[in-house]
Amino acid sequence: MSQGPRSGLAAVSAALLAMSRHLEVRDVLKTIVASARELLDAQYAALGVPDDHGGFAQFVVDGVSDAQWKAIGPLPRQHGILASMLREARPERLADVRKDPRFEGWPSAHPDMVDFLGLPIRDGDEVIGALFLANKLGPVGGNPPHPPRGGCGFTEDDEELLAILAQHAAIALTNARLYERSRELTIAEERSRLAHELHDAVSQKLFSLRLTAQAAAALVDRDPSRAKGELQQVAALAAEAADELRAAVVELRPAALDEDGLVATLRTQIQVLDRAHTARVTFAACGVRALPAAQEEAALRVAQEALHNALRHSGAEHVDVTLDRRGGGAVLRVTDDGSGFDPQGIRRAGRHLGLVSMRDRTNGVGGTLTVESAPGKGTTIEMEVPGG
C-alpha cells in the first residue's frame, strides 16, 4: 500500500485511535466518516446503519453542509447500490456511480457524485453498516473530480485502506453499542431502585399524611385544639415526605448527561431558566473536555443548587454561569448580583441554602468549593473538579 501524505502510518494510527476514544455510537459514526474522508482524500463520505424495515436507523455524512443535508430530505432507503452493499457484503468501486445499472437517482438537492468506493462494515457474518466515499480529490481525481478515462479515481490501495478502516470501525461500533446497552441497563436498575425507595419511604409518609389529615378533619368541630395538633403533624409529615422525595430524585443520574454531556445539558437548562424567570441567566463554556461521569453529575447538581438559590432567594437581576477548562478538569462558576448573605451567619443560624449538599457533592469527587458573598454584594459559588 502506498504511503502518501494522507494514507501514511501516522494518519491511519491517528484515525484508529480517534475511533477507539469514543463510547457514544453517534460520535463513533461521525469519527469513522470524517477519518475515511480525510485519509482517502474524498469530497464526500457517509456511513449508514441499517434498520429492520428497509431504511437506515442512522446515517452520518461528512462533506455536506447542514443546509445541504436539510434540503436533501429524509434518510435514504436501502435501495440501489446501498442495498447491494448491504445484501452482498462486498466492496464496490465505480468510475461513475450514475452509470451503474443499479443507480436509481437521488433528490434534487443531493450533491453530484461521480467515482464511488463503498464497503460493508461487518461484525462476523452480520453487516452492521455501509461505509462509502465519493469524488476522489487527489491528483488523479482533481477538484472537481475527473476520474481517469475508463477508470475510477479511487485505487486498489484506497480500497485496501478503507477495508482496514472498516474492520476497526466494526470493532469501535460494536464496543459503543455494548457501552450504550450497559448504560441502558444501569439506568433501568437505577429507576428500579428509585421506585423501591419511593414506595418504601415516601409512599409510607403519604399514607400517614392522609390518615392524619382525616383525623384532623373529624376533630375540627368537636375538639379544635386536638385538630390543631393533628394539622401540625400533617405539616411535619408533608415536609418529611418532600425531603425524602428530593433525596431519592437527586440520586438519579440525569439522562441528559448521558445523551448530551455536561456543557450541552447546562446550556439547555439555563436557556429554560432564562425564559422562565425575570432575571437574565447566561451561560458560557470554554475549552471544556468531557469529564468522568461522577464529576459531570456533581458539577450539574451544584450548578442547579446554586441557580435555585440565586433565582428564588437572592432577588438577582443577572445570573452568570461559566464552565472553563483548568488543567485536565474544569471550573464551574455561578455568579449573581442579588442581595447576598453572610456565609458565617447562615452557618451559625443553622441554615445552609444547600451549601452543605454542594460541599458534599464537591468533596465526593475530589473537588473544592468556594463561596464568596456578603449582604448587598451578590454571591459567587466556584467549584473546581479534577479530570479523569
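For the structure itself, look to the data block above.
Residues numbered from 1 in each chain as written. Predicted model: local features only at pLDDT ≥ 70, side-chain atom pairs only at ≥ 80, totals over all residues. Heavy atoms only, no water.

## Thoughts on the overall build of the protein
Turning to step 1, where the next piece is worked out: What the protein contains, in helices and strands, is 10 helices and 10 strands.
Turning to step 2, where the next piece is worked out: Counting across all 388 residues of the protein, residues that qualify as buried make up 39%.
Turning to step 3, where the next piece is worked out: If you take every contact in the protein between residues at least 6 apart in sequence, the share linking residues at least 24 apart comes to 62%.
Turning to step 4, where the next piece is worked out: Total accessible area on the protein stands at roughly 20,800 Å², and carbon and sulfur atoms take up 52% of it. (Helix = DSSP H or I, 4+ residues; strand = E, 2+ residues; numbered from the N terminus. Buried < 20%, exposed > 50% of the residue type's maximum accessible area, 1.4 Å probe, protein only. Contact = heavy atoms within 4.5 Å. Areas by Shrake-Rupley, 256 points an atom, 1.4 Å probe, with all protein chains shown as cover.)

## Quick word on the packing of helix α8 (residues 293–313) against helix α10 (residues 355–364)
Turning to step 1, where the next piece is worked out: Remark: α8 packs on α10, axes separated minimally by 9 Å, with the N-to-C direction vectors making an angle of 165°. Accordingly, the angle class assigned to the pair α8 and α10 is roughly antiparallel. As for how α8 packs across α10, the hand of that crossing is left-handed. Counted together, Ala298, Arg301, Val302, Glu305, Ala306 and Asn309 of α8 and Met358, Arg361 and Thr362 of α10 form the full contact between these two elements. (Axes fitted to C-alpha atoms, helices over the stretch in contact; angles between N-to-C directions. Parallel < 35°, antiparallel > 145°, perpendicular 65-115°, else oblique. Left-handed = near helix turned anticlockwise from the far one by under 90°.)

## A short note on the sheet that holds strand β5 (residues 126–136)
Turning to step 1, where the next piece is worked out: Taken together, 5 strands build an open sheet; the order of strands is β2-β1-β5-β4-β3 and the sheet is antiparallel. Of all strands in the sheet, those with a lone pairing partner are β2 (56–62) and β3 (92–94), marking the two edges. Taken over all neighbouring pairs, the strand axes of this sheet differ in orientation by 15° on average, direction set aside.
Turning to step 2, where the next piece is worked out: Sheet topology places strand β1 (residues 42–50) next to β5; 6 bridges connect them, and they run antiparallel. Residue pairing across strands places Gly48 opposite Ala130, the latter belonging to β5.
Turning to step 3, where the next piece is worked out: Across the sheet, helix α2 (residues 25–39) is in contact with β1, β2 and β5; its angle to β2 comes to roughly 40°.
Turning to step 4, where the next piece is worked out: Each of β1, β2, β3, β4 (116–123) and β5 is contacted by helix α4 (residues 80–88), which is oriented at about 135° to β5, the strand it contacts most. (Pairing = 2+ DSSP bridges.)

By themselves, these observations are geometric and do not establish any function.
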